[in-house]
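# Report on the structure
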Amino acid sequence: MARGVSEGSDKFHDECGVCAVIGHPDAANLVYLGLYALQHRGQESAGIASFDGQAMRYHKAMGYVADIFNRERLAALPGTAAIGHVRYSTAGNSALVNAQPVVGKTHHGQIALAHNGNLVNALRLRRQLELEGAIFQSTSDSEVFLHLIARSQGRGLDAALQRALAAAVGAYSLAIVCEGRLFAARDPHGFRPLALGRLEEAWVVASETCAFDLIGARFVREVRPGELVELAGEEPRVLAAAAPGPFAHCVFEHVYFARPDSRVFGEEAGVVRERLGERLAREHAVAADVVVAVPDSGVPAALGYARESGLPFVLGLVRNHYVGRTFIEPRQSIRHFGVKVKLNPVRSAVAGKRVVLVDDSIVRGTTSRKIVMMLKSAGAKEVHLRISSPPTTGPCFYGIDTPERRELIAANQSVEEIRAYVGADSLGYLSEAGMLSCLETPPEHFCTACFSGNYRVLDEDERAGVVAKEER
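The paragraphs below set out a description of the structure included in this document. (Residues numbered from 1 in each chain as written. Predicted model: local features only at pLDDT ≥ 70, side-chain atom pairs only at ≥ 80, totals over all residues. Heavy atoms only, no water.)

### Comments concerning the sheet that holds strand E3 (residues 56-62)
Sheet architecture is open: seven strands sit in the order E3-E2-E4-E1-E10-E9-E11, paired in antiparallel fashion. The open sheet has two free edges, formed respectively by E3 and strand E11 (218-222), since each of these has just one partner strand. Across the sheet, the axes of successive neighbouring strands diverge by a mean angle of 15°, strand direction being ignored. With seven bridges connecting them, strand E2 (residues 45-51) and strand E4 (residues 81-87) associate as antiparallel partners. Directly across from Ser-50, in E4, lies its bridge partner Ala-82. On top of the sheet, helix H1 (residues 27-37) reaches strand E1 (16-22), E2, E4 and strand E9 (195-199); it is set at about 25° to E4, its chief contact. (Pairing = 2+ DSSP bridges. Helix = DSSP H or I, 4+ residues; strand = E, 2+ residues; numbered from the N terminus. Axes fitted to C-alpha atoms, helices over the stretch in contact; angles between N-to-C directions. Contact = heavy atoms within 4.5 Å.)

What follows is the structure, given as structure tokens:
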């Protein structure tokens, strides 16, 4: 259900981020800060819902967290339980109606739900629920969970949650607040990360541990794949036990998505990325003078490449961190405007030099082409492009916004053809085996479908979609 990388973008977009707090008088404020730390996971919309013991209140809007919430808005969200979400749409349109948390009233009480991932059987479940009389307010697959919970015939909320999760197939990391109770759940394959933390007596749930760092919470452990837990007391109350595996952790969390200071799947992402760069240097050494990163995501791998190769790491590209949407975009007057407004070469660092340019991935190749041309225009003698992941050849059905196969340059062109297109003097991708060797978790526990085409979990409708995309 990935809807494709947005026009003008040549990067995969982070999926979504969830954060929830229970047992703290400033729950909504803490969730706000947690979402602020998770902003990289979604920039289209954000929302927070809180429960004060009697009523569920919420506010959602399009845009960045800091633009949506101010003191007055947060003051209007009282209570000791709160849940929040940042979204980049992968299933459903980019619209306010699809913003989360999903909030509703059921016979179990008032529920607010935040979801990171993508259900591969969402269309099938939605059709079934609609035939049974369910009315949907959005096009997001996350609303399916709410209906499954509300329509469950199980005795009590605990049983309803277990039945709803049993019906869902695909990727989900969930936080759920219902009548002052906080639950966290993760799909049996463990596609997306979800962590538990403590802040004094309060419990915190977040997609990444960087959210804990900002609010001063202590990391306790990850929600295990297949687990459903209630956060109460000294230890999580386990309602559904962890799955035995095999798992399918998204390897792209380590390559690109997670913030480098976050701990996901048992390892700090930035440390893993430096290892990827070191391995890349061993696999694709080249005679050069300096190593330059495509900021910001390429920096850790570039540091690893420089360390392993013995070449100096230099600041050859500067990123403008204050870029929003420009209201004008000159078509002819400024060449490569879209990239130049975000990146600018440092001429003194690259002029007359043989440059190793390190990035985490290539999607369509358009941005890589412009960056290579910018460096050469700034006087670089040679530009050798190195990518700290394998060629991306397939779309994702598990919560990452990727283009269809026909739009992925590596799915349709050889490495040499890509090199010629981007204008690099050489091009080297990290091998899949090399990438997996940099992880402490066993290789078979990772999903590499976007590189290998091995989709471990697909509904019949999605499997048919893969075949159709392959035939285009």
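### Some details on the state of the cysteines
Applying the stated criterion across every chain yields a total of zero disulfides. Looking at Cys-450, it has no disulfide partner, and the nearest cysteine sulfur is the one in Cys-250, 6.5 Å off. (Disulfide = S-S within 2.5 Å.)

### As for the pairing of E1
In terms of burial, E1 is a largely internal element, seven of the seven residues being buried. Both faces of E1 are covered, namely the face carrying Cys-16, Val-18, Ala-20 and Ile-22 and the face carrying Gly-17, Cys-19 and Val-21. Of the pairings in the sheet, the one linking E1 to E4 comprises seven bridges and is antiparallel in character. From the neighbouring strand, Cys-19 faces E4, where its bridge partner is Gly-84. Looking at chain direction, E1 and strand E10 (residues 202-206) are connected through four bridges and run antiparallel. Pairing of Ile-22 across the sheet is with Trp-203, part of E10. (Buried < 20%, exposed > 50% of the residue type's maximum accessible area, 1.4 Å probe, protein only.)

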